[in-house]
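Each chain, written out:
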Amino acid sequence: MNELIDILNEDGTKTGKSATKAEIYQKGYWHRSVHIWIINDQHEILMQRRNPLKKTFANLWAISSAGHVLSNEDSIESGIRELKEELDIDAKREDLEYLFTVKREQPYKDSYLRVIDDVYLLNLNLDIDHTKLQVEELTDIKYVYYEYLKSILENNDPDYVPYTEEHKKLFDILKSRYQ
């Protein structure tokens, strides 16, 4: 698929240009993605194991659902699309609670991935034993109690994505709500 993604300025405003994901990655253009954290009534966060063939963070446990915001979408529309594609979840705009936006740069081959991530929370008790997964993206899912997940990430468990500013902000929000 050669879906187009808007190229952004470092402040998150659109430049008026777009490119394919491959070009965005190759040239290190700023772009927007959406991150959806799913939490259930037991305060457990849904984690997905990324497909071993993914270009970034292959085979690691990561965020519940994530994806690039396409040129014709806003981040909520992208989040709803990704939830359906990856986990077969039918979400509505009002189901997604906007939490914050973070800017990140991470090394990628001979360049950097430069991303502005819009982060949302979805409260959902998903039956993980009967969830249809998009195996091109992920191979497994599990719930992890949020305080335990915080400890796992802070201690740099090699089976999980690296601990980031996004995780710290998320855990601060959850701690303020559930303690």
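Just above sits the structure.
Residues numbered from 1 in each chain as written. Predicted model: local features only at pLDDT ≥ 70, side-chain atom pairs only at ≥ 80, totals over all residues. Heavy atoms only, no water.

**Side note on helix H3 (residues 146-154)**
Those residues of H3 that sit buried are Tyr146, Leu149, Ile152 and Leu153. Angularly, the buried residues of H3 cover 110° about the axis, an arc narrow enough to put them on a single face. Contacts from the buried residues of H3 go to strand E4 (44-50), strand E9 (138-145) and helix H4 (165-178). (Buried < 20%, exposed > 50% of the residue type's maximum accessible area, 1.4 Å probe, protein only. Helix = DSSP H or I, 4+ residues; strand = E, 2+ residues; numbered from the N terminus. Arc of directions from axis to C-beta. Contact = heavy atoms within 4.5 Å.)

**What about the side chain of Gln106?**
Take Gln106: it is sitting in strand E7 (residues 96-108). Judged by its relative accessible area of 14%, Gln106 is buried. Within the structure, Gln106 has its side chain in polar contact with the side chain of Arg104 (distance 2.6 Å). The residues touching Gln106, leaving out its near neighbours within four places in the chain, are Thr56, Phe57, Tyr112 and Leu113. (Polar contact = N/O pair within 3.5 Å; in protein donor to acceptor, adjacent residues only side chain to side chain.)

**As for the pattern of salt bridges**
Within the structure shown, the criterion is met by 17 salt bridges. A salt bridge links Asp117 to Arg104; the nearest nitrogen and oxygen atoms lie 2.4 Å apart. Residue Asp117 is found in strand E8 (residues 111-123), and its partner Arg104 is found in strand E7; the two are separated by 13 residues along the sequence. Judged by its relative accessible area of 0%, Asp117 is buried. Taking relative accessible area as the criterion, Arg104 reaches 25% and is therefore assigned partly exposed. (Salt bridge = Lys/Arg side-chain N within 4 Å of Asp/Glu carboxyl O.)

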